Amino acid sequence: MPSNPDRSRSDDAGAGSSDPLSRSNLHSPPNVKMSRADTVDMFTEEIDPYARDWMFPEENNENHYARAFMFGDFHADTHSFIEKATSRSEPPKEVACAAAASALVSPLVSIIDKCLVQDIAGTSQFLKAVSNATKEMVLTPKTFFSALPFRLTFAVYFGTYAVANLTELAMDKNNITKDDQRKTIKVGASGLANIGLLLWRDSIFARMYSNSPPRAIPMRTLGLFAARDMSTMYATFYLAPLAAEYLEKNHGIETNIAELSSALAIPAAIQVVTAPFHIHAMDFYSRPSTAEAPITNADRWGIVRKEFKTVSFARSFRILPAFGIGSFSNNKFREWFIRQENEDLLLQRQLTRAFTSMRN
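Given the structure is predicted, the values throughout are model-derived calculations rather than measurements.

### Quick word on the nonpolar core
Soluble, globular proteins show a tendency: their nonpolar side chains are buried together.
Okay, so step 1: Counting residues in hydrophobic clusters, the biggest one holds 28 residues, and the most contacted among them are Cys115, Leu116, Ile279, Met282 and Val311.
Okay, so step 2: For this core, the secondary structure elements donating two or more residues are helix H5 (93-121), helix H6 (126-139), helix H8 (148-173), helix H9 (179-209), helix H10 (219-251), helix H11 (255-286) and helix H12 (297-317).
Okay, so step 3: Per element, the largest residue contribution to this core is six residues, and it comes from H5.
Okay, so step 4: Those residues in contact with Met282 that sit more than four places away from it in its chain are Val117, Ile120, Asp202, Ala206 and Phe225.
Okay, so step 5: Counting 19 residues, the second largest nonpolar core, distinct from the first, contains Val105, Tyr161, Met233 and Ala268.

What follows is the structure, given as structure tokens:
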């Protein structure tokens with residue numbers, strides 16, 4: 001009786017050991033049991049690496065591109081600089097990058113901050129003052145850029161970015177890689193620089209644009225300035241990361257989107273809370289209460305209510321250039337001029353490739 005070929009093949013497949021190409025022997029040797037994890041590993045080894053990244057995103061080393069925009073970033077792996085510390089400071093590359101970034105953001109920030117002081121002091125309406133300052137910048141740039149408001153604002157952000165850059169340089173030189181330790185050091189250094197410089201500048205602004213005769217800045221005004229800027233620093237370094245983590249874990253927002261949106265939105269939102277501090281600080285200096293002309297708390301509160309919308313909006317808007325454009329340009333300049341593991345990011349390499357492609 002002739003044998004059934006289909007049955008014969010079925011028996012061979014079931015035997016497993018007689019046919020080396022059978023399904024059971026395709027990946028595993030005879031008499032070897034494979035765990036589920038081993039099977040998954042053998043399967044994924046045969047997958048194209050790009051497909052593997054798509055199928056198993058948790059295995060990727062995520063590219064945190066959003067951190068380049070964030071002043072509050074403190075992670076050691078954001079930049080992979082390999083240039084020696086002496087070369088980064090001599091010539092002063094870190095300081096030069098801070099100066100270039102400050103030059104980009106200071107025009108807009110100086111206009112907003114100066115015009116807010118004028119508005120609160122009652123010497124000019126905010127929008128009118130902004131229009132006049134913008135015309136001066138465009139039509140007579142020499143006058144605008146040599147004036148004290150721009151130079152003071154440039155000093156504030158140059159000092160802030162320079163201290164932040166040099167702090168990172170010192171931490172890299174001393175191999176400080178733990179995030180918590182880096183965060184504490186950067187908050188302390190750049191926070192003190194930013195708060196101190198803003199206290200100095202805003203005290204000068206108060207004297208320049210107030211209707212009252214110049215006098216010593218009251219401790220209440222200085223204290224409110226400090227509380228305003230400490231709140232912004234706290235929102236930048238502590239509240240924004242917490243908000244980003246919440247968006248990522250509880251709402252599935254992509255990491256970079258969560259980090260970037262929080263880094264800009266949270267410091268901007270905190271200006272709604274600190275706007276009364278700024279208004280009262282300026283008003284307390286501009287309108288001193290005297291025996292001949294006493295000013296009641298109700299009068300002070302009326303100025304806060306009157307100026308709140310303008311000040312909260314304008315100070316929230318200025319976060320974008322100060323903590324967005326400025327931080328991004330500072331980090332981008334550092335990528336362009338400081339050697340790192342990915343040397344294709346260096347400006348010299350990019351220009352060389354561009355000229356080569358143009359000639360070809």
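### Quick word on the side chain of Lys114
Okay, so step 1: Note on placement: Lys114 falls in helix H5.
Okay, so step 2: One buried charge, Lys114, has no salt-bridge partner; the nearest side chain with opposite charge is Glu136, at 4.6 Å.

### Examining a nonpolar patch on the surface
Okay, so step 1: Together, Leu108, Phe313, Phe317, Leu320 and Ile325 make up an exposed nonpolar region whose accessible area comes to about 480 Å².
Okay, so step 2: Secondary-structure assignment places Leu320 in helix H13 (residues 319-337).
Okay, so step 3: Overall, Leu320 belongs to the partly exposed group, its relative accessible area being 41%.

### Digging into the packing of H11 against H12
Okay, so step 1: At a closest axis distance of 8 Å, the pairing of H11 and H12 adopts a crossing angle of 135°. Classified by the interaxial angle, the pair formed by H11 and H12 is oblique. The two elements H11 and H12 meet at a crossing, and its hand is right-handed. Together, Ala268, Gln271, Val272, Ala275, Pro276, His278, Ile279, His280, Asp283 and Phe284 of H11 and Arg300, Ile303, Val304, Glu307, Phe308, Val311, Ser312, Arg315 and Ser316 of H12 make up the contact between the two elements.

### Some details on the packing of aromatic side chains
Each aromatic ring pair is specified by the distance between its two centres and by the angle formed by the two planes.
Okay, so step 1: With the rule as written, the count across this model stands at ten aromatic pairs.
Okay, so step 2: Geometrically, the ring pair formed by Phe144 and Phe145 is edge-to-face, given 5.0 Å between the ring centres and 85° between the ring planes.
Okay, so step 3: Consider the rings of Phe154 and Phe158, whose centres lie 5.9 Å apart with planes at 5°: the pair is stacked. Of this pair, Phe154 and Phe158 both sit in helix H8, four residues apart, which is roughly one turn of that helix.
Okay, so step 4: On the accessibility criterion, Phe158 (26% relative accessible area) is partly exposed.
Okay, so step 5: Taken together, the ring pairs connect Phe144, Phe145, Phe150, Phe154 and Phe158 into an aromatic cluster.

### Observations regarding the side chain of Asp113
Okay, so step 1: Of note, Asp113 is situated in helix H5.
Okay, so step 2: On the basis of relative accessibility, which here comes to 4%, the residue Asp113 falls in the buried class.
Okay, so step 3: In this structure Asp113 touches Arg201, Phe205, Arg315 and Arg318, once residues within four positions along its chain are discounted.

### Focus: the packing of H5 against H13
Okay, so step 1: Put simply, H5 and H13 touch, their axes get as near as 8 Å, and they point 150° apart. On the basis of their axis angle, the class for H5 and H13 is roughly antiparallel. For the crossing formed where H5 meets H13, the hand is right-handed. Contacts between H5 and H13 involve Lys93, Glu94, Cys97, Ala98, Ala100, Ala101, Leu104, Val105, Leu108 and Val109 on the former and, on the latter, Pro321, Ala322, Ile325, Gly326, Ser329, Asn330, Phe333, Arg334 and Phe337.
Okay, so step 2: Per-class residue counts for the contact of H5 with H13 are 13 nonpolar, three polar and three charged.

Cut-off values and rules
Residues numbered from 1 in each chain as written. Predicted model: local features only at pLDDT ≥ 70, side-chain atom pairs only at ≥ 80, totals over all residues. Heavy atoms only, no water. Core = buried A, V, L, I, M, F, W, Y, C linked by side-chain atoms within 4.5 Å. Buried < 20%, exposed > 50% of the residue type's maximum accessible area, 1.4 Å probe, protein only. Helix = DSSP H or I, 4+ residues; strand = E, 2+ residues; numbered from the N terminus. Contact = heavy atoms within 4.5 Å. Lys, Arg positive; Asp, Glu negative; His and termini not counted. Salt bridge = Lys/Arg side-chain N within 4 Å of Asp/Glu carboxyl O. Patch = residues over 30% accessible without salt bridge, like charges linked within 9 Å, V, L, I, M, F, W, Y side chains within 5 Å. Areas by Shrake-Rupley, 256 points an atom, 1.4 Å probe, with all protein chains shown as cover. Axes fitted to C-alpha atoms, helices over the stretch in contact; angles between N-to-C directions. Parallel < 35°, antiparallel > 145°, perpendicular 65-115°, else oblique. Left-handed = near helix turned anticlockwise from the far one by under 90°. Phe/Tyr/Trp six-rings, centres within 6.5 Å; stacked < 30°, edge-to-face > 60°. Nonpolar A, V, L, I, M, F, W, Y, C, P; charged D, E, K, R; others polar.

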